[in-house]
Every structure is written in C-alpha cells, then in structure tokens.
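Observations on chain architecture
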Amino acid sequence: MNEVLTARPRVSGLAPRGIVAPGDRVRWMGEQYTVSALSGTTVHLAPAPGSAAPSIAAAIQFLAVAEDFAVLDETGLPLAAAPFPNWAMLEGVSPDCARDARIWQRHVIEVDTGLLPDVPEGSRPREGYDPDRFTLVERYQRKAAELSAVLGWKVSWKTVQRKRLAFKQDGIWGLVDKRCTRKSTLHGRTDSRVVDLLLALYERQAKEQAATDARTLFKNLRRAARARLGPAVKVPADATLYALLKRLGIDALQLRDPTRRRRDRLNRPAPPFGVTTATAPGELVQIDSTALDVKVLGDDGRPTQVELTAAIDVFTRSIIAAVLRPKTPGRRKTRQQTRALLSTGTSKGRATKAVDASLLLALCMVPAPMRPGFDAAASAARSDLPYEELLEVDARMEHAAARPVIMPETIVIDHGSVFAGQTFFDACSYLGISVRPARKRTPTDKAIVERTFESIKSLFSQHVNSYTGRDFSRRGKETDPDRLWTLQELDDLLQQWIAVGWQARPHEELRNPYEPNLPPLTPNQVYAAGVQAAGYVPIPLGFKDYLQLLPTAWVGVRDDGIRFRNRTYDNYKGELEEVRNKPSGLKGKKRDGWELRYNPYTPEQVWLRDHRSGELITAVFKHQHLIGAPWTQHLWETATAEHVARGGRHTDDENIAQVLAELLERAGRGPDEPGVVSVPDGYGPLPGLEAGWAPPGEGDFDPFAGAAALDLDTLGPLTVLALDETSLYAPDAPPLPEAADPGPAAGSDGPGPGRGDTEEVSLWADLDGLEDGLDADARLLLDLPTEKPEPPQEDV
C-alpha cells in the first residue's frame, strides 16, 4: 500500500489522502529532515546528512500548521500542490459513463504503478506491469491487448496512454467520455450562423419594421442567408423554423403585434426578475405621465384629451400627488400663423410641461386640502392615517384629505420632455432630492408607477362618462358633448377618488412580511405603520418657496414695463422704478437681464426678483381688464393666431387681449361643432338628462318654429319642376320684399316667383335611379304615377 501512495504525485503540505511516507525528504523550521517512520499521528523525522539538528518526533498537527513545511523532491525543491479531485462531477453524467470511468481508473493505476487499487499489502505486480522490468510503452500495449481480449473494447495502446495522461492531470474526470457531457443546443442541428441571422432579423423587425408574420420573416431569412452566407449554407424548412422559434422563446403569433408592443418586449430585462422595494415612506418615489383616456371640455370650449402626471411612493404604494393637464393636438397652420406662434414660443401640441413636474414636488410635501363637494369619508380624520399624531405636529392636517404627506428622498424619472428641462432638476436640488433617471425605453425601471396608471384607468377612468378607451376596440357608443366635465371638475373627482378609492383600497403588494396569510393592507395603513418607525417632519412651503419652483426668464424693464411673451407687464405701485431702464449687472447668458418667475397656467401676473435686495416685485398684464377672467398661455397663442389670420400683428397685445376675451366668451357658450366622444356600452344618461328634459328656457332648436302650416292639398305631383331661368341665382330676378308672405311651394299650381309660361322640363332623367325597383304601393306613397309617362313633345 505504501508503494501505491508514494507512487502518486506528491504535493507540498499535508492532505487527507496521505502524501508523506517513510523516506520522504521534508522541510520544517528551516531545516531539512527525512521521514524515518510513521507511528499513528506522530511523524519521526531524522536530520539530513551534515545537519546538526536533533531527531524530532512531532505530531502531524504541528507539521500541518507550520508555514514553511513542505515535501521536497530529489533536488531539494518543494513539490507542486495538486488540486483535490472532485468526485461529485460524476453525478452529472449517466451511470454507464461513470461506471466506464471507474473501470478505466483501475486499469490506469495498474499501468502507472504496477498494482491494482485495494490489493493486499506486499502484493507483487502482474506479469507485464512491473515498472522495474517493463517500460511504459510495453505496459500500454499489454493493457490494450488485455482490454480488447477480456472486455471486448477496441482500444489501442495510444488510447491507454491518453487515458493515463488525462488521469494524472484531471483525475477521474479526465477518464470520462466527453461525448456523455455534450449538451443539446437550442438550435439543434441548424447552423449556428443561420440562428444568429434569424435573431438579428427578428430584432430589426421588432424595432424598425411594421408588424408582419412568420412566413415573411422566413422569406427574409433565406434571402439574407443566400446573400451573406452563400448557397452552401442550408436553411431548414418552415416547419423546422417554427419549432426553432418556439425553442428560442419567440411566439410566432406575436410577430403581428404592434411595433411598440414588440419593442417593449425586447427591452425586458434579463431574468431573474427582482422586486423594487423600499423600507420607509419617501425612500423611493417614481414619477411619470400618461394619457388618462378621458375627454373634457377644454379652456377654449373644445373637447380635449387629458394627461395625468403622478408621483407614487414605492413603500406605501400611495399616490402622493397628481396633476391633470389638457392635451391639445397640433393643427396645420398657415405660414403667417406659424410665424406668430413661433414668436410666442409655442409648440404643435400642449400637454404637461416641466413646470407641472416642479409643482408636483410641492404637492407631495403639503397636505391635500378638502375641496368643496368632497364626501366626509375623504377626510383624513376618518381614515386610517394617524390623524391625531399628525395634527399635533402639523396644524394643516385639520382640514386635509386622506392622502399621506411624504417627502421624497430619491425620485425615479424617465427621459420625457417633462423632466428634460433644468427646472425640474433645480427644484429637486433646492429640496434636497436625488434624481435617478431610468434607462431609455425600459419601463421596468419604474414598473410600479406604470402598473398604477393601469389601475387608475381601470378603476377610475372607465367609470367617467367621457371615457374613450385606450384604443378603438375598447370604445363604445357615442355620448352627448354636453355631458363633458370641465378640467377642474374632473380634477376634483380624481382627487376625491384618490382619497376614498385608492388610499383606502387593500393592495395585494402590501402584505405583512411576517404574517403573509393576513389580509393585504391599504396604502394609508402601511403609511401609518411607516410613520411610527420613520417619523414625520412637516415642511412648510411659503409663497417664496412656491416661486422657486416656477420657470425662470431674464428680461429687461423699459419705460412701458416688462415685455415678456409679446405682452407688457407693469407694477402700478411704482415698485419697478428702482430697476426701470437699468442693467442688472449679471453677465453671461443673463446679459444684464433681471430674473423673472412666471407660471404659464396663470400668466396674468409675473414676479421680478431684485437680486440686490432679494425683493419680489409683482407685475400685472396691462390689458388684463379687457379679459376679466383667468386664462392660460395656450389661450393667448390661440388668440394670437386668430388675430394674425385677421391681418393683425403678433406684437399687438391690446387687440390680442380683446380677441382672447371673445374666445373666452365663445368658450362659455360651448362648442359650435363639438367633437365626438365615445363611452363604453351600458352607460345611461346622466341624472337630470332624461329624454325630454331641458333646462328652463332652453330646448332643442326647431328650424320650422313659427312657420305657417303647410296645406298638403295645394301640393301637386312631384314630377315636373317648371323654371323660367336655367339658374336659381339669376341676377335680374327681383328680390322678395321682407314682409311678403311665403308663396306656394315649388311644383304647385299657383303662381310663384320666377315662374312663367315656358315649357315644362321633365325630371324623369334625374329620377331614373330612384324609380328603379319601386312597386305600385311605393309609387302610391311617393305620389308617383304607376307607369312612366312619355316626356312632353316640344312645339316646332
């Protein structure tokens, strides 16, 4: 047995399989010794010749922990350490393959050492395997002949040599037939280059081209393979390619999906998927915008879509702020109108702006007030919020709605135009909030706010009477345009629904992690638990703080006031005299301009800041008295375009203000030609709008109201219409007097205007298509003759 152990490769140090034997040279404590004997766990070491060190009997544990202990070779150098074999790798192959490897192990050991494993101590090598009498090549040949004769294996001596060398390098894993370890590929026997080309075409089709089918994809694959890989590369049949798509995880039916859906599917992150988590309120907040799929009556009196921008707290799943803005589509304009609108800085359409994202931050940190008309259940005092504790800290909670106040620490945004401006980042920097942009076209980075939008549309939007659906397949019957809510009314409904319908609704993701069998919690309940752990610190935002969230412009102050967006603003208290016609002294992009804060949704007034004293000066639009009502920048642009179309100039702010006042007056009367709004089937009329009901003093328009009753007996057959002029608009026909009574209808026997004693003109040429297929009863109802008469002959 000692011969077998000593014949194995030696490694430095000690290992469980025993690598020291009597006669080995070792190094310990700076001296060289020879292992003279082994007695249990004690190693007897004799000093090397010429050494003055005494003989030592040391426990094997002391030798193992010594840093300089090593087994030396014949030249006195430490032997290299061999890796410990991994026998568990045999569990990954088939039992037959593992059995063959173990058989090869016995034979390879016999070829290497001359003895089979587990033979009794003192045994002698079999004939032909003694290392002292036979060379390695002779032992290889002997073993190959033995395996071929006894086991029937067709092996050569070179195979035995290869197996021995593999065993010495990789252990028993080197004896495993590697054909047993080959894994089947997803593409099978299909050329890997064809598979790569198929995946490339699939990705390009999903991102660039329109929806198609699998057959078109296969046809493009064959063309590309013939052009790039040559005719020698074979593309499988369609049936094989269908199976290949399935193995690659591609649904052939999904190739017909819309382009955006296919692109979103490709942008999904690689598994395993994780869950976005937070440990306290405000630790992670996600903000995004989406169309609400609801039509409202815009501020210009026309039906328009609505866009929602909301902030969602990840820890509580609370909607801590929501802003609604109308979304007006762009319209084709003339060159003159385009010049006027470009001069005012407008765009083709209008929706949520960067200032809305900044105002959204302010709404997150102040309590949502109870609005007139809110149900009592929407009050914070009747909710699961810790109302008494919050009221002691923040007095504003007394009349607050049931919506938590959360200060964001980190905000996740996308790359939309709402967050692209510097205003939003300046506001976050001012409030001490870190901003983390999501990856482009990766909605999974803010999956919680995306899923919340879907819930808002299914739980709130589809119950609004002017719900349009997210696509045409979800739209139902048409509704009366008079049933449209205004934007403010819809915002009141949404804010009340957030307090009553969302914050008090159990959420499946809000379960107790220690008791998962308990019912899910509501966002307000989770917030109450989070406040107990994280606390609540109110943030009082004053009027100056509100102005810090508004966009900035740099303007000059002239004799007539501040000229901004083709409008003139002035302060009638004389507060602008200190800065009028004076440079600010700010260089760079400011160009001696003064800092101006403005709100595009309330442009009636602006605020100019004197950086020398820090004072804020309020300036009001000079012609606001002509308008007399709130208006927006969008309405100003619309009025400017209408004034320019009349031949005016876009810098004439007084006349534009008058046009704006007319526009607001028309908007108050309602749309002349309202757009069509669709709602799902099953919605009945609104309360108070039943059939036949009309507001007092109003009703359906009747074009025949006040007209005299028509005498049917005076009407003749509708067969001939006699005219004395070829045109109905003859210039020499005398006009009827205003007080004249209406004459008989055309076609009657009595005289009428423009009728003389000329020949009758038959109308049967124009009624040929109408009379075809009419039976006698239909002719009788239409007062037509049962047979077509001959046309009258002209006198010659």
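Everything below is about the structure shown above.
Residues numbered from 1 in each chain as written. Predicted model: local features only at pLDDT ≥ 70, side-chain atom pairs only at ≥ 80, totals over all residues. Heavy atoms only, no water.

1. Brief notes about helix H19 (residues 633–645)
Since the α-helix turns once every 3.6 residues, residues separated by three or four places project in the same direction. A rise of 1.5 Å per residue sets the reference length of H19, with its 13 residues, at 18 Å; its end C-alpha atoms lie 18 Å apart and thus fit the reference within 8%. For H19, a buried count of 10 out of 13 residues is recorded, marking the element as mostly surrounded by other parts of the structure. Those residues of H19 that sit buried are Gln633, His634, Leu635, Trp636, Glu637, Ala639, Thr640, Ala641, His643 and Val644. Immediately beyond the C-terminal end of H19, within one or two residues, lies Gly647, with a positive phi of roughly 105°. (Helix = DSSP H or I, 4+ residues; strand = E, 2+ residues; numbered from the N terminus. Expected span 1.5 Å × (residues − 1). Buried < 20%, exposed > 50% of the residue type's maximum accessible area, 1.4 Å probe, protein only.)

2. Section: the nonpolar core
Looking at soluble globular proteins, one finds that nonpolar side chains tend to be buried together. One finds Ile287, Ala311, Leu361, Ile411, Phe424 and Tyr527 to be the most contacted residues of the largest nonpolar core, which totals 32 residues. Secondary structure elements with two or more residues in this core: strand S6 (285–297), strand S8 (319–327), helix H11 (354–364), helix H12 (387–393), strand S9 (410–413), helix H13 (422–431) and helix H16 (523–534). At five residues, the largest contribution of residues to this core is made by H11. Judged by nonpolar contacts, the second largest core, of 29 residues, contains Val314, Ile456, Phe460 and Trp502. (Core = buried A, V, L, I, M, F, W, Y, C linked by side-chain atoms within 4.5 Å.)

3. What about the environment of Ala377?
For Ala377, the position within the fold is in the loop between H11 and H12. Overall, Ala377 belongs to the partly exposed group, its relative accessible area being 38%.

4. Looking at the pattern of salt bridges
Within the structure shown, the criterion is met by 30 salt bridges. Its salt-bridge partner being Glu146, residue Lys143 comes within 3.5 Å of it at the nearest N-O pair. Separated by three residues within a single helix, Lys143 and Glu146 lie in helix H4 (residues 136–150), roughly one turn from each other. Here Arg179 ties to Asp177 by a salt bridge, and the two come within 2.9 Å at their closest N and O atoms. Residue classification places Arg179 among the exposed residues on the basis of a relative accessible area of 59%. Three or more residues joined by partner-sharing salt bridges are found here, namely Glu110, Arg126, Lys143 and Glu146. (Salt bridge = Lys/Arg side-chain N within 4 Å of Asp/Glu carboxyl O.)

5. A look at the side chain of Arg567
Relative to the elements of secondary structure, Arg567 occurs in strand S16 (residues 567–570). Here Arg567 is buried and forms no salt bridge, its nearest opposite-charge partner Glu637 lying at an N-O distance of 7.3 Å. Polar side-chain contacts of Arg567 include one of 3.0 Å to the side chain of Gln633. In this view, Arg567 contacts Ile562, Pro603, Phe621, Trp631, Gln633, Trp636 and Asp653; residues no more than four positions away in its chain are not counted. (Lys, Arg positive; Asp, Glu negative; His and termini not counted. Polar contact = N/O pair within 3.5 Å; in protein donor to acceptor, adjacent residues only side chain to side chain. Contact = heavy atoms within 4.5 Å.)

6. Here's the deal with the packing of aromatic side chains
Each aromatic ring pair is characterised by the separation of its centres together with the angle its planes make. Following the criterion strictly, the structure yields 10 aromatic pairs and no others. Each ring, one from Trp104 and one from Trp153, has its centre 5.5 Å from the other, and the planes form 35°; the classification is tilted. Note that Trp104 is positioned in helix H3 (residues 95–113) and Trp153 in the loop between H4 and helix H5 (157–170), a separation of 49 residues in sequence. Residue classification places Trp104 among the buried residues on the basis of a relative accessible area of 7%. Trp153 sits in the partly exposed class, given a relative accessible area of 21%. Geometrically, the ring pair formed by Phe460 and Trp497 is tilted, given 5.6 Å between the ring centres and 40° between the ring planes. Residue Phe460 is found in the loop between helix H14 (447–459) and strand S11 (478–479), and its partner Trp497 is found in helix H15 (residues 487–502); the two are separated by 37 residues along the sequence. Overall, Phe460 belongs to the buried group, its relative accessible area being 7%. One aromatic cluster is present, formed by Tyr569, Phe621, Trp631 and Trp636 through successive ring pairs. Sitting over the ring of Trp636, Arg567 keeps its end group 5.1 Å from the ring centre. (Phe/Tyr/Trp six-rings, centres within 6.5 Å; stacked < 30°, edge-to-face > 60°. Lys NZ or Arg CZ within 6 Å of the ring centre and 35° of its normal.)

7. What about H5?
If you check H5, its first and last C-alpha atoms are 20 Å apart, about what 14 residues at 1.5 Å a residue would give, namely 20 Å. For H5, the set of buried residues is Thr159, Val160, Lys163, Arg164 and Ala166. The arc that holds the buried residues of H5, viewed along the axis, is 165°, so those residues lie on one side. Exposed side of H5, more than 90 degrees from the buried face: Lys158, Arg162 and Gln169 are the residues found there. Residues of H5 that are buried make contact with H3 and H4. (Arc of directions from axis to C-beta.)

8. Notes on the sheet that holds S16
With antiparallel pairing, seven strands are arranged side by side in an open sheet as S13-S17-S18-S19-S16-S15-S14. Looking at which strands have only one partner, the edges of the open sheet turn out to be strand S13 (552–555) and strand S14 (557–558). With four bridges connecting them, S13 and strand S17 (residues 594–597) associate as antiparallel partners. Its bridge partner lying in S17, Thr552 is registered against Arg597. (Pairing = 2+ DSSP bridges.)

9. Quick word on the environment of Tyr467
Within the element layout of this structure, Tyr467 appears in the loop between H14 and S11. On the basis of relative accessible area, Tyr467 is assigned to the buried category, the value being 9%. Through-space distance from the C-alpha of Tyr467 to that of Val296 is 9.5 Å; in sequence the pair is 171 residues apart.

10. Topic: unusual backbone geometry
Within the chain, Arg565 stands out as a residue other than glycine whose phi angle is a positive 55°. Under the relative-accessibility criterion, Arg565 is labelled partly exposed at 26%. Positive phi, close to 60°, is recorded for Asp592, a residue that is not glycine. The residue Asp592 is located in the loop between S16 and S17 in this model.

11. Remarks on the sheet that holds strand S5 (residues 70–72)
Two strands in a sheet stick together by hydrogen bonds in their backbones, pointing the same way (parallel) or opposite ways (antiparallel). Spatial strand order, S4-S3-S2-S1-S5: five strands in an open sheet with antiparallel pairing. The strands lining the two open edges of the sheet, one partner per strand, are strand S4 (56–59) and S5. On average, each strand axis in the sheet is tilted by 45° relative to the strand beside it, whichever way the strands run. Alignment of strand S1 (residues 25–28) against S5, held across three bridges, turns out to be antiparallel. Following the sheet pairing, Val26 is matched in S5 by Val71. (Axes fitted to C-alpha atoms, helices over the stretch in contact; angles between N-to-C directions.)

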